[in-house]
Amino acid sequence: GSSQPLARWCSQQKAPLAECASLAALTGESQRGLLVLLRAVNPGGNVLRRWLGLLTGIALRQGCPVEKVLDDSRIQEVLLDSQTARSAGRELITRRLTELRYPETAIMRQRFDGTVKKLGLPGGIKIEPPESFEGGAARASFEFSSPAELRYAAEELGRAAESPEAGELLRCLGAPGEGNE
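As the structure is a computational prediction, the values presented were derived from the model and not from experiment. (Residues numbered from 1 in each chain as written. Predicted model: local features only at pLDDT ≥ 70, side-chain atom pairs only at ≥ 80, totals over all residues. Heavy atoms only, no water.)

A. View of the overall build of the chain. Each helix and strand counted, the chain has ten helices and two strands in total. Here the chain has a C-alpha radius of gyration of 20 Å; the compact-globule value for 181 residues is 16 Å, and the former is much larger. Taken along its principal axes, the extent of the C-alpha atoms in the chain is 60 × 35 × 25 Å. Counting only residues that meet the buried cut, the chain has 36% of its 181 residues in that class. Taking the contacts inside the chain whose residues are at least 6 apart along the sequence as the reference set, 63% of them involve residues at least 24 apart. Accessible surface, the chain: about 10,600 Å² in total, of which carbon and sulfur atoms supply 53%. Of the charged side chains in the chain, 23 are positive and 23 negative; the average position of the first set lies 7 Å away from that of the second. (Helix = DSSP H or I, 4+ residues; strand = E, 2+ residues; numbered from the N terminus. Rg over C-alpha atoms; globule rule 2.2 N^0.38 Å. Buried < 20%, exposed > 50% of the residue type's maximum accessible area, 1.4 Å probe, protein only. Contact = heavy atoms within 4.5 Å. Areas by Shrake-Rupley, 256 points an atom, 1.4 Å probe, with all protein chains shown as cover. Lys, Arg positive; Asp, Glu negative; His and termini not counted. Charge placed at Lys NZ, Arg CZ, Asp CG, Glu CD.)

Set out below in structure tokens:
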């Protein structure tokens with residue numbers, strides 16, 4: 001039957017029983033679409049659980065089957081590039097499903113990213129919002145291989161902290177962001 005490949009995948013991946021049952025409850029077409037994604041990205045139990053919750057919510061919200069959600073161009077882009085699917089697939093798919101499930105989060109993300117851009121930080125310094133914009137703390141990260149690079153990143157972050165955009169960034173996260181505390 002149509003659930004054969006799915007049962008095989010669940011068995012090979014030792015996927016949690018609850019998630020396998022949720023997968024089995026999907027229509028054959030949705031199972032096939034999801035199986036392509038699962039084989040390309042291999043999400044693991046926790047990510048799979050999250051994806052299933054998001055996919056179900058999106059399908060209900062949009063009044064369409066799961067396979068239609070999986071037809072999203074940004075999900076398909078990840079699937080078409082096996083390198084991206086392996087290296088960043090989990091993160092990219094999770095982000096896209098979250099945007100589709102919670103459109104307001106996508107709007108917050110655009111505003112956040114625009115504000116980060118206005119900070120004018122060099123390319124190697126990344127500023128990320130908290131997961132799903134829950135919690136008021138952003139995360140800054142950068143790589144360095146010399147004291148000079150570390151100093152440069154610290155100086156650039158210091159300059160950014162003094163800018164009006166720093167407060168704007170915190171307001172994007174729902175914090176008061178009164179300025180330069």
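B. Just the layout of surface pockets, in detail. Roughly 420 Å³ of volume is contained in the largest pocket. Taken together, 15 residues form the lining of the largest pocket, with R95, R109, E128, E131 and S132 sitting closest to its centre. It is helix α7 (residues 82-101) that contributes the most residues to the lining of the largest pocket, five residues altogether. (1 Å grid on protein atoms, 1.4 Å probe; cavity = no way out; pocket = protein on both sides within 12 Å on 5 of 7 lines; lining within 4 Å. Points joined across faces, edges and corners; volume = space filled by probe spheres on them.)

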